[in-house]
Amino acid sequence: MKEMMTTRLEPRDKLDTGRASAVVVNGPEGVPDWHAIDWRACEDHVRRLRQRIFTASQAQDHKRVRNLQKLMLRSRSNTLLAVRRVTEINAGRLTAGVDGRIVLDGQDKAALTYAVQRRQQPWKARPVKRVYIPKADGRRRPLGIPVIVDRVLQARVATALEPEWEARFEPRSYGFRPGRGCQDAIQAIFNTVKGRNPVRRWVLDADLKAAFDRIDHNHLLAQLGGFPAREQVEDWLQAGVVEQGRFTPTEEGTPQGGVVSPLLLNVALHGMEYAAGVRYRIVGNDGAASVPGKPVLIRYADDFVALCQTRDEAIQVKARLAAWLTPRGLAFNEDKTRVVDLDEGYDFLGFTVRRYHGLLLIKPSKTAVRRIRKRLRTEMRALRGSNAAAVIARLNPIIRGWAAYYRTVVSSEIFNALDHYLWKLVYKWARHSHPNKSTSWVVARYFGMFNRSRRDRWVFGDRDSGAYLQKFTWTRIVRHQMVTGTASPDDAALADYWNTRRRRPRMQPPVDRTTQRLLDSQQGRCTYCGQLLLHADRPPQTPREWEQWFGGLRKAMDHNAISLRQGDSLHDPRLRLLHTHCHRRETGKRQTRKLHASTP
């Protein structure tokens, strides 16, 4: 199976990976055993370099910015983190590009790191592979998947480019930026229009037509200025697309699926707030208070809303932005762009923002609720014939991920409705699994007080393992603490602010008490690899990303300690939290040692 999934890079990729076996483990230029790398030291080195780039950019010292960016592009720590990001963290790590290659085991990751770091000739970008994923409206979204080497190089470039622009980006830009996310954008809307008589009651609910695919290359490259890897970025933009074996050149756009593409989109759209007429005044330490009488624009990548005082002002903002977007190769999607009153409401990032009888409420959108109900229904059909443990293992990350995303708004009523719907699905599954058993037998086997911390005897569970199905309502509703003004994790002067922010209870992931205790005691790091279990500066941004995060956690006992006695609880001091892939790796090594020990 491993040979089928893993394909190593060959020398024909112009990156000589064949020399990786000759690496001196303790040498300054060598790559050690992948599992022995000090990731915390790598992260600290890259963070300090990012902070220096940010500070120089703030001071508009362009020469120093370029010199520091060159240093970042040559940094071995940056290369190691880039390889880890595209092979272990990113959702598309198991998706191959046009060369059909992915990198899974540590030996190949070390070889890839060495090859990228030691390459002598400039790398020629490969075309991206066109794939399609379904959208909520039934259509398909085109993605461009680069080859693994291009993804690593893009991750390195993004790390060098991002801190420069973090010092320049506008206050209410929240998409694909460190320390910011969807909840910040939603909270910004709430803070702007809350109250019985909000000043800005009219909304330009805007949608750009295929923004990633239509960005003008010349304008984007002009924005990058003297960035040291500018030619490499241009090479990626013009690499072309391969779809069903046919090559198509790319004269516009940046592939949605590339590691650096979200950052390039933010660079291309920088200045949108000013173009819309937004103005700020300095108030205390925030520095982002809107000038009265001016519109407020809140953007998440290519999705944005402009909050205005009158309908005419909203129409004027749309006209100004249409003219501003034209030289960037972009335009509004007129079918989805509209001007609405708050009493009518609108959807944004999966939420519905609307005033009900003079009170602003933000809820999960009807489309999002229909989508999760369909997902649960489809999963339960697919799980027919499986046991209860498989049902629980498959559904728990979905439930907890969706609830984690929507826990910051008015979701209690919808959580209750989804729990009722889910109960009917699992009950139907249980009856289908045992058609000849009575209702009382089915209830006694699959339902009970499995969660001892809650007095609920209608919890679906597995009596053999004690595992149980989560409920949406078990996720507590908390008000999100919006990021302050232009604050960025790359700003060394705000280190205390970000440390305090990460420790606040409302900013913690919605996990059970045992998991939270383990996260705190382990300082948020996996006990096997030492890497962060949750990247605080880049938390999950969608229900699916939260689902993947929950699915990637594993509770396990420390097998170096004395073996457990019958009846030991989850509060055992030997319990620890680690990545699921690390647990599999450790279990495999332990089984191998036992096999060698038993072999004469």
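First, a word on scope: everything that follows refers to the structure included in this document. Just so you know, these numbers come straight off a predicted model, no measurement behind them. (Residues numbered from 1 in each chain as written. Predicted model: local features only at pLDDT ≥ 70, side-chain atom pairs only at ≥ 80, totals over all residues. Heavy atoms only, no water.)

## Some remarks on the overall build of the protein chain
In step 1: Helix and strand counts for the protein chain stand at 21 helices and 17 strands.
In step 2: Accessible surface, the protein chain as shown: approximately 29,700 Å² in total, 49% of it carbon and sulfur. (Helix = DSSP H or I, 4+ residues; strand = E, 2+ residues; numbered from the N terminus. Areas by Shrake-Rupley, 256 points an atom, 1.4 Å probe, with all protein chains shown as cover.)

## Details of the sheet that holds strand β8 (residues 296-300)
Neighbouring strands of a sheet are bound in pairs by backbone hydrogen bonds; such pairs are parallel or else antiparallel.
In step 1: Strand order across the open sheet formed by 4 strands is β8-β9-β3-β10, with antiparallel pairing between neighbours. Each edge of the open sheet is held by one strand with a lone partner, namely β8 and β10 (338-341). Averaged over neighbouring strand pairs, the angle between their axes works out to 20° when direction is ignored.
In step 2: Judged from the 6 bridges that link them, strand β3 (residues 202-207) and strand β9 (residues 303-308) form a sheet pairing that is antiparallel. Considered in β9, the bridge of D207 is made with D303.
In step 3: Relative to β8, helix α7 (residues 182-193) is tilted by about 165°, and along the sheet it contacts β8 and β9. (Pairing = 2+ DSSP bridges. Axes fitted to C-alpha atoms, helices over the stretch in contact; angles between N-to-C directions. Contact = heavy atoms within 4.5 Å.)

## Digging into the side chain of S488
In step 1: Mapped onto the fold, S488 is located in the loop between β15 (459-460) and α18 (495-503).
In step 2: With sequence-adjacent residues up to four places away left out, S488 is seen in contact with F54, E166, L494 and W498.

## Section: the pattern of salt bridges
In step 1: Summed over all chains, the structure comprises 20 salt bridges.
In step 2: In this structure, D184 and R501 form a salt bridge, with 3.4 Å as the shortest nitrogen-oxygen distance. In this pair, D184 sits in helix α7 while R501 sits in helix α18, placing the two residues 317 residues apart along the sequence. Exposure class is identical for D184 and R501. Each is buried.
In step 3: Linked through salt bridges whose partners overlap, the residues forming this network are R201, D341, D343 and R355. (Salt bridge = Lys/Arg side-chain N within 4 Å of Asp/Glu carboxyl O. Buried < 20%, exposed > 50% of the residue type's maximum accessible area, 1.4 Å probe, protein only.)

## A word on the environment of L376
In step 1: Along the chain, the position of L376 falls in helix α14 (residues 366-382).
In step 2: In sequence terms L376 and L418 are 42 residues apart; their C-alpha atoms lie 9.7 Å from each other.
In step 3: In contact with L376, not counting residues within four places along its chain, are L395, I398, L422, L425 and F472.

## Considering the sheet that holds strand β1 (residues 128-134)
In step 1: Pairing in this open sheet of 4 strands is mixed, and the strands run β2-β1-β4-β5 from one edge to the other. Every other strand in the sheet has two partners, leaving β2 (140-145) and β5 (246-248) as the edge strands with one partner each. Each neighbouring strand pair of the sheet contributes to a mean axis angle of 40°, computed without reference to strand direction.
In step 2: Looking at chain direction, β1 and β2 are connected through 6 bridges and run antiparallel. Each bridged residue has a counterpart across the sheet, and for I133 the counterpart in β2 is R141.

## Observations concerning empty space enclosed by the protein
In step 1: Tallied over the full model, the rule gives 1 cavity of 30 Å³ or more.
In step 2: Considered as a void within the structure, the largest cavity measures approximately 90 Å³ in volume.
In step 3: Lining the largest cavity are 13 residues, with Q154, W236, L237, P255 and V260 sitting closest to its centre.
In step 4: Where the lining of the largest cavity is concerned, the elements lending two or more residues are α6 (148-166), α10 (230-237) and α11 (261-268). (1 Å grid on protein atoms, 1.4 Å probe; cavity = no way out; pocket = protein on both sides within 12 Å on 5 of 7 lines; lining within 4 Å. Points joined across faces, edges and corners; volume = space filled by probe spheres on them.)

## Observations regarding α10
In step 1: Residues of α10 that are buried: Q232, V233, D235, W236 and L237.
In step 2: Check the buried side of α10 and you find it contacts α6, α9 (217-224) and α11.

## Digging into the side chain of D207
In step 1: Mapped onto the fold, D207 is located in strand β3.
In step 2: Although D207 lies buried, it forms no salt bridge, and the closest oppositely charged side chain, K336, sits 5.0 Å away as judged by the N-O distance.
In step 3: Excluding its chain neighbours within four sequence positions, the residues that come into contact with D207 are D303, A331, F332, N333, K336 and T337. (Lys, Arg positive; Asp, Glu negative; His and termini not counted.)

## Some points on the packing of aromatic side chains
In step 1: This model, assessed by the stated rule, comprises 21 aromatic pairs.
In step 2: Ring geometry for W402 against F472: centres 6.0 Å apart, planes inclined by 90°, an arrangement best described as edge-to-face. Placement of W402 in helix α15 (residues 388-406) and of F472 in the loop between β15 and α18 is noted, with a sequence separation of 70 residues between them. Both residues of the pair, W402 and F472, count as buried.
In step 3: Aromatic pair Y405 and Y406: ring centres 4.7 Å apart, planes at 85°, arrangement edge-to-face. (Phe/Tyr/Trp six-rings, centres within 6.5 Å; stacked < 30°, edge-to-face > 60°.)

## Observations regarding the environment of F415
In step 1: Looking at where F415 falls in the secondary structure, it is placed in helix α16 (residues 412-433).
In step 2: Sequence spacing of F415 and T475 is 60 residues, and the spatial spacing of their C-alpha atoms is 8.8 Å.
In step 3: With residues up to four places along the chain from it excluded, the contact list for F415 reads W402, A403, Y406, R407, F472, T473, T475 and I477.

## Section: the packing of α15 against α16
In step 1: Between α15 and α16, the shortest axis-to-axis distance is 13 Å and the interhelical angle comes to 170°. For the element pair α15 / α16, the angle class is roughly antiparallel. Together, A388, V391, L395, I399, W402, A403 and Y406 of α15 and I414, F415, L418, L422 and W429 of α16 make up the contact between the two elements. (Parallel < 35°, antiparallel > 145°, perpendicular 65-115°, else oblique.)

## Focus: the nonpolar core
In step 1: One finds L321, Y346, W402, F460 and F472 to be the most contacted residues of the largest nonpolar core, which totals 150 residues.
In step 2: No other element matches the 11 residues that α15 contributes to this core. (Core = buried A, V, L, I, M, F, W, Y, C linked by side-chain atoms within 4.5 Å.)

## Focus on unusual backbone geometry
In step 1: Phi is positive for Q244, which is not a glycine, with a value near 55°.
In step 2: Turning to its location among the elements, Q244 is positioned in the loop between β4 (241-243) and β5.
In step 3: Even without a glycine there, the phi angle at A301 is positive, about 60°.
In step 4: Note that A301 resides in the loop between β8 and β9.
In step 5: Assessed through its relative accessible area of 2%, A301 is described here as buried.

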